[in-house]
Amino acid sequence: MAERVPIREGTFREGPDGGALLANKCKACGQIFFPKAKLCLACLHEELEEVPLSKKGTLYSYTIAHMPSSFFPPPHAMGYVDLPESVRVFAPLKIIEDKPFDVGMEMELVIEKLGEVDEKEIIGYVFKPV
Amino acid sequence: MREVAVLGVGQSTFGKMPEISAAELGRDAVLAAVKDAGISPRDIQVAYSSRLYDAVITSQDVLKEVGVTSIEMINVENACAGGSTAVRGVWKEIASGHYDLGIAIGVESMTTSPIARKLIPPQKDDIEGQLGLTMPALFGLLARRQMAECGATPEDFAQVSVKNHHHGCLNPYAQYKKEFTVEEILNSRMICDPITLLQCCPNTDGAAAVVLCSMDIARKHTTNPVKIAASALLSAGYSWKRKDITSSPLGVETARRAYEMAGCGPEDIDLVELHDAFSTEEILRYEDLGLCKPGEGVAFLRSGAPALGGKVPVNPSGGLLSLGHPLSASGVRVVAEVTTHLRGQAGKRQVQGAKVGLAHMLGGFAVGLEAGACGIHILTR
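Keep in mind that what you see is a predicted model, and the values were worked out from it rather than measured.

Below, the discussion takes up the packing of helix α3 (residues 82-95) of chain B against helix α13 (residues 327-342) of chain B. Residues and elements named next belong to chain B. At their nearest, the axes of α3 and α13 sit 5 Å apart, and the two run at 55° to each other. It follows that α3 is oblique to α13 by the angle criterion. Contact residues: Gly 82, Gly 83, Ser 84 and Val 87 in α3; Ser 328, Gly 331, Val 332 and Val 335 in α13. Broken down by class, the residue content of the contact of α3 with α13 amounts to three nonpolar, five polar and no charged.

Shown next as C-alpha coordinates:
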(Lines give C-alpha, C1' and ligand atoms only; values in the text may rest on other atoms or scores of the structure.)
Protein backbone atom coordinates (compact mmCIF):
# COMPACT_ATOMS: atom_id res chain seq x y z
CA MET A 1 0.00 0.00 0.00
CA ALA A 2 1.26 3.45 -0.87
CA GLU A 3 2.55 5.65 1.95
CA ARG A 4 0.00 8.25 3.08
CA VAL A 5 1.31 11.78 3.70
CA PRO A 6 -0.66 14.88 4.69
CA ILE A 7 -0.50 17.83 2.29
CA ARG A 8 0.65 19.89 5.27
CA GLU A 9 1.64 18.40 8.65
CA GLY A 10 -0.61 19.61 11.49
CA THR A 11 -3.42 21.14 9.42
CA PHE A 12 -5.90 18.31 10.13
CA ARG A 13 -6.37 15.01 11.92
CA GLU A 14 -7.96 11.86 10.61
CA GLY A 15 -10.22 9.60 12.66
CA PRO A 16 -13.31 7.41 12.76
CA ASP A 17 -15.40 10.54 13.38
CA GLY A 18 -14.33 11.88 9.98
CA GLY A 19 -11.42 13.92 11.31
CA ALA A 20 -11.15 17.67 11.73
CA LEU A 21 -9.19 20.72 10.66
CA LEU A 22 -6.73 21.83 13.32
CA ALA A 23 -6.29 25.51 14.09
CA ASN A 24 -4.63 27.23 17.01
CA LYS A 25 -6.01 29.80 19.39
CA CYS A 26 -4.24 32.58 21.27
CA LYS A 27 -4.43 32.00 25.02
CA ALA A 28 -4.41 35.75 25.62
CA CYS A 29 -6.79 37.30 23.09
CA GLY A 30 -8.62 34.24 21.71
CA GLN A 31 -7.86 34.89 18.04
CA ILE A 32 -7.96 31.65 16.02
CA PHE A 33 -5.56 30.88 13.16
CA PHE A 34 -5.86 28.39 10.32
CA PRO A 35 -3.32 27.36 9.17
CA LYS A 36 -1.72 27.61 12.61
CA ALA A 37 0.42 30.61 13.53
CA LYS A 38 3.71 30.44 15.44
CA LEU A 39 2.76 33.43 17.57
CA CYS A 40 -0.50 35.35 17.82
CA LEU A 41 -0.60 37.61 14.79
CA ALA A 42 -3.14 39.86 16.51
CA CYS A 43 -1.56 40.52 19.93
CA LEU A 44 1.87 38.85 19.49
CA HIS A 45 1.33 36.60 22.54
CA GLU A 46 3.47 33.47 22.21
CA GLU A 47 1.21 30.86 23.84
CA LEU A 48 -1.34 29.29 21.53
CA GLU A 49 -3.29 26.07 21.97
CA GLU A 50 -4.44 23.66 19.28
CA VAL A 51 -8.19 23.65 18.65
CA PRO A 52 -10.17 21.46 16.24
CA LEU A 53 -12.53 23.40 13.99
CA SER A 54 -16.19 22.58 13.37
CA LYS A 55 -16.82 20.14 10.55
CA LYS A 56 -19.74 22.10 9.14
CA GLY A 57 -19.89 25.63 7.82
CA THR A 58 -21.48 27.80 5.13
CA LEU A 59 -20.23 28.42 1.62
CA TYR A 60 -19.00 32.02 1.37
CA SER A 61 -17.91 31.86 -2.26
CA TYR A 62 -16.97 29.31 -4.92
CA THR A 63 -15.59 29.00 -8.41
CA ILE A 64 -15.24 26.13 -10.86
CA ALA A 65 -11.86 26.07 -12.58
CA HIS A 66 -11.63 24.75 -16.10
CA MET A 67 -7.89 24.23 -16.12
CA PRO A 68 -5.87 21.64 -14.18
CA SER A 69 -4.24 22.37 -10.83
CA SER A 70 -1.60 20.42 -8.84
CA PHE A 71 -4.01 17.66 -7.83
CA PHE A 72 -7.22 18.07 -9.77
CA PRO A 73 -8.13 17.64 -13.42
CA PRO A 74 -10.68 20.12 -14.81
CA PRO A 75 -13.37 20.91 -14.00
CA HIS A 76 -12.63 21.24 -10.30
CA ALA A 77 -14.30 23.41 -7.70
CA MET A 78 -12.91 25.40 -4.81
CA GLY A 79 -14.27 27.89 -2.36
CA TYR A 80 -14.23 29.65 0.95
CA VAL A 81 -16.19 28.03 3.78
CA ASP A 82 -17.07 30.09 6.85
CA LEU A 83 -16.89 28.03 10.04
CA PRO A 84 -18.70 28.89 13.30
CA GLU A 85 -15.36 29.79 14.94
CA SER A 86 -15.22 32.88 12.63
CA VAL A 87 -12.58 31.19 10.50
CA ARG A 88 -12.81 31.31 6.70
CA VAL A 89 -11.13 28.28 5.13
CA PHE A 90 -10.06 28.00 1.52
CA ALA A 91 -10.55 24.43 0.29
CA PRO A 92 -11.27 22.32 -2.75
CA LEU A 93 -14.98 21.48 -3.06
CA LYS A 94 -16.56 18.23 -4.15
CA ILE A 95 -18.86 18.61 -7.13
CA ILE A 96 -22.11 16.68 -6.47
CA GLU A 97 -24.39 16.66 -9.47
CA ASP A 98 -27.77 17.17 -7.81
CA LYS A 99 -26.43 19.69 -5.26
CA PRO A 100 -25.18 22.70 -7.26
CA PHE A 101 -23.12 25.20 -5.26
CA ASP A 102 -24.90 28.21 -3.91
CA VAL A 103 -23.53 31.00 -1.72
CA GLY A 104 -24.73 30.38 1.85
CA MET A 105 -25.32 26.60 1.50
CA GLU A 106 -24.21 24.24 4.27
CA MET A 107 -20.92 22.42 3.69
CA GLU A 108 -19.24 19.52 5.42
CA LEU A 109 -15.57 18.57 5.84
CA VAL A 110 -14.13 15.46 4.20
CA ILE A 111 -10.55 14.29 4.82
CA GLU A 112 -9.41 12.26 1.83
CA LYS A 113 -6.77 11.47 -0.73
CA LEU A 114 -6.18 14.42 -3.07
CA GLY A 115 -3.83 12.66 -5.45
CA GLU A 116 -0.53 10.86 -5.73
CA VAL A 117 2.97 12.31 -5.89
CA ASP A 118 6.08 10.11 -6.18
CA GLU A 119 3.97 7.02 -5.38
CA LYS A 120 2.79 8.62 -2.14
CA GLU A 121 -0.85 9.33 -1.40
CA ILE A 122 -1.33 13.00 -0.55
CA ILE A 123 -4.09 13.38 2.05
CA GLY A 124 -5.87 16.69 2.42
CA TYR A 125 -9.16 18.37 3.20
CA VAL A 126 -12.11 19.19 0.98
CA PHE A 127 -15.68 20.32 1.65
CA LYS A 128 -18.85 18.88 0.12
CA PRO A 129 -22.45 20.11 0.11
CA VAL A 130 -24.40 18.58 3.01
CA MET B 1 10.75 67.60 0.67
CA ARG B 2 11.29 68.88 -2.84
CA GLU B 3 8.75 68.73 -5.62
CA VAL B 4 9.43 66.07 -8.24
CA ALA B 5 8.54 66.22 -11.94
CA VAL B 6 8.14 63.57 -14.62
CA LEU B 7 10.55 64.74 -17.32
CA GLY B 8 10.35 61.87 -19.77
CA VAL B 9 8.39 58.69 -20.40
CA GLY B 10 8.96 55.73 -22.68
CA GLN B 11 7.86 52.21 -23.28
CA SER B 12 8.75 49.31 -25.52
CA THR B 13 6.24 47.57 -27.73
CA PHE B 14 4.09 45.21 -25.65
CA GLY B 15 3.54 41.69 -26.94
CA LYS B 16 4.96 38.18 -27.14
CA MET B 17 8.58 38.64 -28.25
CA PRO B 18 10.70 35.73 -26.99
CA GLU B 19 13.46 36.70 -29.44
CA ILE B 20 14.05 39.98 -27.56
CA SER B 21 15.83 39.85 -24.19
CA ALA B 22 14.66 41.66 -21.08
CA ALA B 23 17.73 43.91 -21.31
CA GLU B 24 16.77 44.86 -24.87
CA LEU B 25 13.16 45.58 -23.89
CA GLY B 26 14.44 47.75 -21.06
CA ARG B 27 16.88 49.48 -23.37
CA ASP B 28 14.11 50.45 -25.79
CA ALA B 29 12.01 51.92 -22.97
CA VAL B 30 15.00 53.81 -21.51
CA LEU B 31 16.03 55.26 -24.87
CA ALA B 32 12.45 56.40 -25.52
CA ALA B 33 12.21 58.00 -22.07
CA VAL B 34 15.60 59.72 -22.31
CA LYS B 35 14.77 61.07 -25.77
CA ASP B 36 11.37 62.23 -24.55
CA ALA B 37 13.05 63.98 -21.61
CA GLY B 38 15.55 65.68 -23.91
CA ILE B 39 18.56 64.50 -21.90
CA SER B 40 21.57 62.26 -22.43
CA PRO B 41 21.54 58.80 -20.82
CA ARG B 42 24.66 60.01 -18.94
CA ASP B 43 22.56 62.65 -17.13
CA ILE B 44 20.99 59.78 -15.14
CA GLN B 45 22.27 59.91 -11.56
CA VAL B 46 20.30 57.05 -9.99
CA ALA B 47 18.25 54.12 -11.29
CA TYR B 48 15.62 51.84 -9.78
CA SER B 49 14.54 48.81 -11.75
CA SER B 50 11.87 46.25 -11.12
CA ARG B 51 11.65 42.75 -12.54
CA LEU B 52 10.20 39.52 -11.16
CA TYR B 53 11.43 36.59 -13.19
CA ASP B 54 15.04 35.53 -13.61
CA ALA B 55 15.98 38.87 -12.15
CA VAL B 56 19.38 39.91 -10.90
CA ILE B 57 20.94 43.36 -11.35
CA THR B 58 18.28 44.41 -13.84
CA SER B 59 19.28 48.11 -13.74
CA GLN B 60 22.85 47.25 -14.64
CA ASP B 61 21.72 44.77 -17.29
CA VAL B 62 19.51 47.36 -18.99
CA LEU B 63 21.61 50.50 -18.56
CA LYS B 64 24.82 48.90 -19.85
CA GLU B 65 22.99 48.79 -23.19
CA VAL B 66 22.72 52.59 -23.27
CA GLY B 67 26.18 53.60 -22.05
CA VAL B 68 25.33 54.11 -18.39
CA THR B 69 27.51 52.48 -15.72
CA SER B 70 29.07 53.37 -12.36
CA ILE B 71 26.08 55.17 -10.81
CA GLU B 72 23.87 54.06 -7.90
CA MET B 73 21.53 51.35 -9.19
CA ILE B 74 18.86 49.67 -7.08
CA ASN B 75 16.79 46.64 -8.05
CA VAL B 76 13.42 46.01 -6.47
CA GLU B 77 10.63 43.44 -6.51
CA ASN B 78 7.08 43.86 -5.16
CA ALA B 79 5.10 41.46 -7.38
CA CYS B 80 2.96 43.43 -9.84
CA ALA B 81 3.45 46.59 -7.76
CA GLY B 82 7.20 46.39 -8.37
CA GLY B 83 7.06 49.10 -11.03
CA SER B 84 5.25 51.46 -8.65
CA THR B 85 7.93 50.67 -6.08
CA ALA B 86 10.68 51.63 -8.53
CA VAL B 87 8.95 54.93 -9.37
CA ARG B 88 8.52 55.68 -5.69
CA GLY B 89 12.16 54.84 -5.05
CA VAL B 90 13.36 57.42 -7.55
CA TRP B 91 10.76 59.90 -6.28
CA LYS B 92 12.16 59.56 -2.74
CA GLU B 93 15.74 60.02 -3.93
CA ILE B 94 14.86 63.29 -5.65
CA ALA B 95 12.32 64.59 -3.12
CA SER B 96 14.85 64.08 -0.35
CA GLY B 97 17.61 65.83 -2.28
CA HIS B 98 19.93 62.85 -2.64
CA TYR B 99 19.86 63.20 -6.42
CA ASP B 100 18.42 65.63 -8.96
CA LEU B 101 17.58 63.26 -11.81
CA GLY B 102 16.88 59.53 -11.98
CA ILE B 103 15.13 56.82 -13.92
CA ALA B 104 12.61 54.15 -12.91
CA ILE B 105 12.50 51.08 -15.12
CA GLY B 106 10.07 48.17 -15.13
CA VAL B 107 10.71 45.20 -17.37
CA GLU B 108 9.45 41.67 -17.79
CA SER B 109 10.03 39.07 -20.46
CA MET B 110 7.22 36.67 -19.63
CA THR B 111 7.73 34.48 -22.70
CA THR B 112 11.35 33.69 -21.78
CA SER B 113 10.67 33.39 -18.02
CA PRO B 114 10.36 30.07 -16.18
CA ILE B 115 6.59 30.65 -16.09
CA ALA B 116 6.19 31.19 -19.83
CA ARG B 117 2.71 30.07 -20.97
CA LYS B 118 1.78 29.30 -17.36
CA LEU B 119 -0.14 30.95 -14.56
CA ILE B 120 1.86 32.70 -11.85
CA PRO B 121 2.80 29.68 -9.68
CA PRO B 122 2.09 29.58 -5.95
CA GLN B 123 5.06 29.78 -3.60
CA LYS B 124 6.25 26.37 -2.40
CA ASP B 125 4.91 26.83 1.13
CA ASP B 126 1.57 28.22 -0.08
CA ILE B 127 -0.94 25.54 0.91
CA GLU B 128 -3.85 27.42 -0.68
CA GLY B 129 -1.94 27.60 -3.95
CA GLN B 130 -1.21 23.86 -3.79
CA LEU B 131 -4.93 23.28 -3.27
CA GLY B 132 -5.74 25.17 -6.47
CA LEU B 133 -5.97 28.86 -5.53
CA THR B 134 -4.50 30.48 -8.63
CA MET B 135 -4.97 34.16 -9.51
CA PRO B 136 -7.96 33.52 -11.83
CA ALA B 137 -9.48 31.28 -9.14
CA LEU B 138 -9.05 34.01 -6.53
CA PHE B 139 -10.75 36.54 -8.78
CA GLY B 140 -13.44 33.99 -9.61
CA LEU B 141 -14.17 33.71 -5.88
CA LEU B 142 -14.25 37.50 -5.60
CA ALA B 143 -16.53 37.78 -8.63
CA ARG B 144 -19.02 35.36 -7.05
CA ARG B 145 -19.24 37.71 -4.04
CA GLN B 146 -19.61 40.73 -6.33
CA MET B 147 -22.60 38.96 -7.85
CA ALA B 148 -24.04 37.98 -4.45
CA GLU B 149 -23.53 41.33 -2.77
CA CYS B 150 -23.47 44.04 -5.41
CA GLY B 151 -25.79 42.65 -8.09
CA ALA B 152 -22.99 42.32 -10.64
CA THR B 153 -23.82 40.16 -13.65
CA PRO B 154 -21.51 38.28 -16.05
CA GLU B 155 -22.51 40.89 -18.64
CA ASP B 156 -21.18 43.68 -16.37
CA PHE B 157 -17.85 41.90 -16.04
CA ALA B 158 -17.69 41.40 -19.81
CA GLN B 159 -18.46 45.08 -20.36
CA VAL B 160 -15.20 46.05 -18.61
CA SER B 161 -13.33 43.90 -21.11
CA VAL B 162 -15.31 45.38 -24.02
CA LYS B 163 -14.43 48.88 -22.81
CA ASN B 164 -10.73 48.23 -22.29
CA HIS B 165 -10.34 46.39 -25.59
CA HIS B 166 -12.01 49.35 -27.29
CA HIS B 167 -9.49 51.67 -25.63
CA GLY B 168 -6.63 49.34 -26.64
CA CYS B 169 -7.63 49.69 -30.30
CA LEU B 170 -6.69 53.38 -30.00
CA ASN B 171 -3.26 52.68 -28.45
CA PRO B 172 -0.38 51.88 -30.82
CA TYR B 173 1.47 50.08 -27.97
CA ALA B 174 -1.36 47.64 -27.18
CA GLN B 175 -0.77 43.90 -27.49
CA TYR B 176 -4.35 43.33 -28.65
CA LYS B 177 -6.01 45.86 -30.92
CA LYS B 178 -9.32 44.16 -31.43
CA GLU B 179 -12.88 45.11 -30.57
CA PHE B 180 -15.03 42.50 -28.82
CA THR B 181 -18.74 42.33 -28.04
CA VAL B 182 -20.15 41.30 -24.65
CA GLU B 183 -21.29 38.04 -26.29
CA GLU B 184 -17.85 37.26 -27.68
CA ILE B 185 -16.28 37.89 -24.26
CA LEU B 186 -18.84 35.68 -22.49
CA ASN B 187 -18.55 32.92 -25.12
CA SER B 188 -14.77 32.70 -24.92
CA ARG B 189 -13.35 29.70 -23.03
CA MET B 190 -14.37 29.48 -19.37
CA ILE B 191 -11.33 29.78 -17.08
CA CYS B 192 -12.62 30.15 -13.51
CA ASP B 193 -16.35 30.59 -13.47
CA PRO B 194 -17.58 33.34 -14.07
CA ILE B 195 -14.27 34.57 -15.57
CA THR B 196 -13.73 33.69 -19.24
CA LEU B 197 -10.48 33.83 -21.21
CA LEU B 198 -11.13 37.29 -22.69
CA GLN B 199 -11.55 38.65 -19.16
CA CYS B 200 -7.99 37.69 -18.17
CA CYS B 201 -4.92 39.79 -18.92
CA PRO B 202 -2.53 38.07 -21.34
CA ASN B 203 1.09 37.01 -20.86
CA THR B 204 3.12 39.91 -22.18
CA ASP B 205 6.71 41.01 -22.70
CA GLY B 206 7.47 44.68 -22.34
CA ALA B 207 9.18 47.48 -20.52
CA ALA B 208 8.48 51.03 -19.44
CA ALA B 209 10.68 53.80 -18.06
CA VAL B 210 10.13 57.24 -16.57
CA VAL B 211 12.72 59.96 -16.00
CA LEU B 212 12.05 61.95 -12.82
CA CYS B 213 13.85 65.12 -11.77
CA SER B 214 13.71 68.07 -9.43
CA MET B 215 11.29 70.86 -10.38
CA ASP B 216 14.29 73.18 -10.96
CA ILE B 217 15.63 70.92 -13.70
CA ALA B 218 12.17 70.32 -15.15
CA ARG B 219 11.54 74.06 -15.54
CA LYS B 220 14.69 74.35 -17.66
CA HIS B 221 13.11 71.89 -20.11
CA THR B 222 9.47 72.94 -20.06
CA THR B 223 7.30 75.76 -18.78
CA ASN B 224 4.56 73.37 -17.70
CA PRO B 225 6.03 70.23 -16.11
CA VAL B 226 4.00 67.24 -14.96
CA LYS B 227 4.34 67.01 -11.18
CA ILE B 228 4.17 63.95 -8.93
CA ALA B 229 1.64 65.28 -6.42
CA ALA B 230 1.50 62.04 -4.43
CA SER B 231 3.43 58.82 -4.08
CA ALA B 232 1.99 56.13 -1.80
CA LEU B 233 2.98 52.51 -1.31
CA LEU B 234 1.59 50.15 1.28
CA SER B 235 1.76 46.45 2.08
CA ALA B 236 -1.41 44.51 2.78
CA GLY B 237 -2.93 43.53 6.11
CA TYR B 238 -4.08 40.09 7.30
CA SER B 239 -7.00 38.61 5.43
CA TRP B 240 -8.59 37.18 8.61
CA LYS B 241 -9.52 40.75 9.51
CA ARG B 242 -11.71 41.01 6.39
CA LYS B 243 -15.36 40.06 6.77
CA ASP B 244 -16.11 41.00 3.17
CA ILE B 245 -13.55 40.13 0.49
CA THR B 246 -14.96 42.59 -2.03
CA SER B 247 -13.74 45.53 0.04
CA SER B 248 -10.01 46.21 0.03
CA PRO B 249 -8.59 47.85 3.16
CA LEU B 250 -5.22 47.92 1.34
CA GLY B 251 -6.56 49.80 -1.68
CA VAL B 252 -8.71 52.16 0.38
CA GLU B 253 -5.87 53.11 2.73
CA THR B 254 -3.28 53.54 -0.03
CA ALA B 255 -5.73 55.79 -1.90
CA ARG B 256 -6.48 57.77 1.26
CA ARG B 257 -2.78 58.43 1.79
CA ALA B 258 -2.30 59.45 -1.84
CA TYR B 259 -5.27 61.85 -1.84
CA GLU B 260 -4.12 63.38 1.44
CA MET B 261 -0.62 63.93 0.10
CA ALA B 262 -1.88 65.41 -3.18
CA GLY B 263 -4.38 67.62 -1.34
CA CYS B 264 -7.19 66.47 -3.59
CA GLY B 265 -9.98 63.90 -3.65
CA PRO B 266 -11.36 61.36 -6.08
CA GLU B 267 -13.72 64.03 -7.45
CA ASP B 268 -10.67 65.90 -8.81
CA ILE B 269 -9.30 62.95 -10.82
CA ASP B 270 -9.63 63.23 -14.62
CA LEU B 271 -8.30 59.79 -15.54
CA VAL B 272 -7.16 56.58 -13.89
CA GLU B 273 -4.84 53.78 -14.95
CA LEU B 274 -5.29 50.76 -12.70
CA HIS B 275 -4.62 47.05 -12.22
CA ASP B 276 -7.29 45.25 -14.27
CA ALA B 277 -5.67 41.81 -14.33
CA PHE B 278 -9.23 40.47 -14.58
CA SER B 279 -12.28 42.37 -15.83
CA THR B 280 -14.09 41.70 -12.57
CA GLU B 281 -11.29 43.34 -10.63
CA GLU B 282 -11.61 46.75 -12.26
CA ILE B 283 -15.07 47.19 -10.69
CA LEU B 284 -13.61 46.55 -7.21
CA ARG B 285 -10.88 49.12 -7.80
CA TYR B 286 -13.41 51.89 -8.69
CA GLU B 287 -14.60 51.53 -5.11
CA ASP B 288 -11.12 51.32 -3.51
CA LEU B 289 -10.11 54.55 -5.21
CA GLY B 290 -13.31 56.32 -4.18
CA LEU B 291 -14.41 56.95 -7.78
CA CYS B 292 -17.81 55.79 -6.50
CA LYS B 293 -19.25 54.76 -3.13
CA PRO B 294 -18.60 51.27 -1.73
CA GLY B 295 -20.91 48.77 -3.42
CA GLU B 296 -21.66 51.10 -6.32
CA GLY B 297 -18.93 49.97 -8.71
CA VAL B 298 -21.39 48.20 -10.98
CA ALA B 299 -23.62 51.29 -11.21
CA PHE B 300 -20.52 53.40 -11.93
CA LEU B 301 -19.58 51.10 -14.81
CA ARG B 302 -23.15 51.02 -16.18
CA SER B 303 -23.26 54.85 -16.12
CA GLY B 304 -20.47 54.96 -18.69
CA ALA B 305 -18.30 57.09 -16.38
CA PRO B 306 -15.13 54.94 -16.79
CA ALA B 307 -15.25 54.84 -20.61
CA LEU B 308 -13.36 57.31 -22.81
CA GLY B 309 -15.58 60.37 -23.03
CA GLY B 310 -17.09 59.55 -19.63
CA LYS B 311 -16.68 61.37 -16.31
CA VAL B 312 -13.43 59.59 -15.25
CA PRO B 313 -12.00 57.40 -18.01
CA VAL B 314 -10.39 54.30 -16.47
CA ASN B 315 -7.62 52.50 -18.34
CA PRO B 316 -7.72 54.64 -21.51
CA SER B 317 -4.54 52.78 -22.50
CA GLY B 318 -6.51 49.56 -22.87
CA GLY B 319 -5.44 48.41 -19.42
CA LEU B 320 -3.75 45.14 -18.64
CA LEU B 321 -6.62 43.34 -20.41
CA SER B 322 -5.78 44.70 -23.84
CA LEU B 323 -2.42 46.47 -23.59
CA GLY B 324 -0.93 43.45 -21.81
CA HIS B 325 0.69 42.92 -18.42
CA PRO B 326 4.47 42.52 -18.29
CA LEU B 327 4.25 42.27 -14.49
CA SER B 328 6.98 44.61 -13.24
CA ALA B 329 6.63 47.01 -16.17
CA SER B 330 2.98 47.82 -15.52
CA GLY B 331 3.56 49.99 -12.43
CA VAL B 332 5.95 52.20 -14.41
CA ARG B 333 3.83 52.11 -17.55
CA VAL B 334 0.75 53.53 -15.79
CA VAL B 335 2.78 56.57 -14.66
CA ALA B 336 4.00 57.03 -18.24
CA GLU B 337 0.45 56.73 -19.59
CA VAL B 338 -1.02 59.27 -17.17
CA THR B 339 1.84 61.69 -17.97
CA THR B 340 1.13 61.34 -21.69
CA HIS B 341 -2.52 62.30 -21.13
CA LEU B 342 -1.66 65.27 -18.90
CA ARG B 343 0.60 66.55 -21.70
CA GLY B 344 -2.19 66.09 -24.24
CA GLN B 345 -0.05 63.70 -26.30
CA ALA B 346 -2.16 60.53 -26.12
CA GLY B 347 -3.50 60.74 -29.66
CA LYS B 348 -6.78 58.94 -30.34
CA ARG B 349 -7.08 57.73 -26.75
CA GLN B 350 -6.51 61.20 -25.24
CA VAL B 351 -8.66 62.09 -22.23
CA GLN B 352 -9.61 65.63 -23.17
CA GLY B 353 -8.51 68.39 -20.83
CA ALA B 354 -6.89 66.03 -18.30
CA LYS B 355 -5.18 67.94 -15.49
CA VAL B 356 -5.02 65.36 -12.69
CA GLY B 357 -4.44 61.64 -13.16
CA LEU B 358 -4.03 58.61 -10.91
CA ALA B 359 -1.72 55.65 -11.61
CA HIS B 360 -2.47 52.52 -9.54
CA MET B 361 -0.88 49.09 -9.38
CA LEU B 362 -1.51 46.16 -7.09
CA GLY B 363 0.35 42.93 -6.70
CA GLY B 364 1.14 39.76 -4.87
CA PHE B 365 -0.62 37.05 -2.98
CA ALA B 366 0.37 35.20 0.15
CA VAL B 367 -1.67 32.95 2.44
CA GLY B 368 -3.13 35.04 5.24
CA LEU B 369 -2.67 38.40 3.55
CA GLU B 370 -5.16 40.43 1.54
CA ALA B 371 -2.57 40.92 -1.24
CA GLY B 372 1.07 41.97 -1.52
CA ALA B 373 1.38 45.68 -2.11
CA CYS B 374 -0.51 48.61 -3.58
CA GLY B 375 1.20 51.61 -5.17
CA ILE B 376 -0.54 54.85 -6.18
CA HIS B 377 0.90 57.96 -7.81
CA ILE B 378 -1.16 61.08 -8.47
CA LEU B 379 0.15 63.35 -11.21
CA THR B 380 -0.89 66.92 -11.93
CA ARG B 381 -0.18 69.55 -14.48
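All names here are of chain B. Counting buried residues along strand β4 (residues 101-109), nine of its nine residues qualify, which places the element largely inside the surrounding structure. Where strand β2 (residues 46-50) meets β4, five bridges bridge the pair, whose relative direction is parallel. Directly across from Ser 49, in β4, lies its bridge partner Ile 105. Bridge count between β4 and strand β7 (residues 205-214): nine bridges; the pairing is antiparallel. Counterpart to Leu 101 in the pairing with β7 is Cys 213.

With that settled, the discussion passes to the interface of chain B and chain A. Taken together, the contacts link 31 residues of chain B with 29 residues of chain A. The junction of chain B with chain A conceals about 2,500 Å² of combined surface from both sides, 64% of it contributed by carbon and sulfur atoms. In this assembly, chain B and chain A are joined by zero salt bridges. Breaking the side of chain B that touches chain A down by element, the ones donating at least two residues are α4 (127-130), α5 (135-150) and β5 (190-192) of chain B.

Among the nonpolar cores identified, the biggest contains 86 residues, and Leu21(A), Tyr125(A), Phe127(A) and Leu212(B) are the most heavily contacted of them. Here this core spans two domains, and each of domain 1 (4-113 + 204-226) and domain 2 (127-201 + 230-380) of chain B adds at least three residues to it. Apart from the residues lying within four places of it in its own chain, the contact partners of Phe127(A) are Leu21(A), Lys55(A), Val81(A), Leu83(A), Val89(A), Ala91(A), Pro92(A), Leu93(A), Lys94(A), Met107(A), Glu108(A) and Leu109(A). Formed by 36 residues, the second largest nonpolar core is a distinct cluster that contains Ala230(B), Ala232(B), Val312(B) and Val356(B).

Turning our eyes to something else, we now look at the packing of aromatic side chains. Residue and element names in this part refer to chain A. One pass over the full model with this rule turns up nine aromatic pairs over all chains. Between Phe 71 and Phe 72 the ring centres are 6.2 Å apart and the planes differ by 65°, which places this aromatic pair in the edge-to-face class. Pairwise contacts between aromatic rings join Phe 12, Phe 34 and Tyr 125 into one cluster. Cation over ring: Arg 88 sits above Tyr 60, and NZ or CZ is 3.5 Å from the ring centre.

Let us now look at the sheet that holds β2(B). Residue and element names in this part refer to chain B. Spatial strand order, β3-β2-β4-β7-β1-β8-β11-β10-β9: nine strands in an open sheet with mixed pairing. Each edge of the sheet is formed by a strand with only one pairing partner; in this case those strands are β3 (72-76) and β9 (271-273). Here the strands of the sheet are splayed against their neighbours by 25° on average, with no regard to which way each runs. Examined bridge by bridge, strand β10 (residues 356-363) and strand β11 (residues 373-380) share eight bridges and lie antiparallel to one another. When the bridges of β11 are listed, Ala 359 appears paired with His 377. Its contacts with the sheet put helix α1 (residues 22-37) on β1 (4-11), β4 and β7, and the angle it makes with β1 is roughly 130°.

Our focus in this paragraph is the confidence of the model for chain B. Residues at a pLDDT of 70 or more form 99% of chain B, whose mean pLDDT is 96. For this predicted complex, the interface score ipTM comes out at 0.95, while the overall pTM is 0.96.

Now for the domain arrangement of chain B. All names here are of chain B. Here chain B is described as being made up of domain 1 (4-113 + 204-226) and domain 2 (127-201 + 230-380). Here the C-alpha centroids of domain 1 and domain 2 sit 23 Å apart. If you look at the interface, domain 1 gives 40 residues, while domain 2 gives 34 residues. Approximately 2,800 Å² of surface area, both sides summed, lies buried where domain 1 meets domain 2, with 66% of it carried by carbon and sulfur atoms. When the area that domain 1 buries against domain 2 is broken down by residue, the three leading residues are Phe 14, Cys 80 and Val 226, summing to 24%. For the pair domain 1 and domain 2, the interface holds one salt bridge.

Each α-helix turn comprises 3.6 residues. Residues three or four places apart therefore point the same way. All names here are of chain B. Between its first and last C-alpha, α1 extends 22 Å over 16 residues, near the 22 Å set by a 1.5 Å rise per residue. Buried residues along α1 sit in contact with β1, α2 (58-63), β4, β7 and α8 (215-221). Looking one or two residues past α1, Gly 38 carries a phi angle of roughly 75°, positive in sign.

In this section: the pattern of salt bridges. For the structure shown, the criterion picks out 25 salt bridges over all chains. Between Arg13(A) and Asp17(A) there is a salt bridge; the shortest N-O distance is 3.1 Å. Overall, the relative accessible area of 32% leaves Arg13(A) in the partly exposed class. Salt-bridge contacts for Lys163(B) lead to Glu282(B); the nearest nitrogen and oxygen are separated by 2.8 Å. Taken together, the residues Lys163(B) in helix α6 (residues 154-168) and Glu282(B) in helix α10 (residues 279-288) connect sequence positions 119 residues apart. Grouping residues by exposure puts Lys163(B) and Glu282(B) together as buried. When salt bridges with common partners are traced through the structure, they connect Glu253(B), Arg256(B), Arg257(B) and Glu260(B) into a single cluster.

Quick notes on the rules
Residues numbered from 1 in each chain as written. Chains lettered and ligands numbered in written order. Predicted model: local features only at pLDDT ≥ 70, side-chain atom pairs only at ≥ 80, totals over all residues. Heavy atoms only, no water. Axes fitted to C-alpha atoms, helices over the stretch in contact; angles between N-to-C directions. Helix = DSSP H or I, 4+ residues; strand = E, 2+ residues; numbered from the N terminus. Parallel < 35°, antiparallel > 145°, perpendicular 65-115°, else oblique. Contact = heavy atoms within 4.5 Å. Nonpolar A, V, L, I, M, F, W, Y, C, P; charged D, E, K, R; others polar. Buried < 20%, exposed > 50% of the residue type's maximum accessible area, 1.4 Å probe, protein only. Pairing = 2+ DSSP bridges. Buried area = accessible area lost by both parts, 1.4 Å probe. Salt bridge = Lys/Arg side-chain N within 4 Å of Asp/Glu carboxyl O. Core = buried A, V, L, I, M, F, W, Y, C linked by side-chain atoms within 4.5 Å. Domains from an automatic or database assignment. Phe/Tyr/Trp six-rings, centres within 6.5 Å; stacked < 30°, edge-to-face > 60°. Lys NZ or Arg CZ within 6 Å of the ring centre and 35° of its normal. pLDDT = per-residue confidence, 0-100. Expected span 1.5 Å × (residues − 1).

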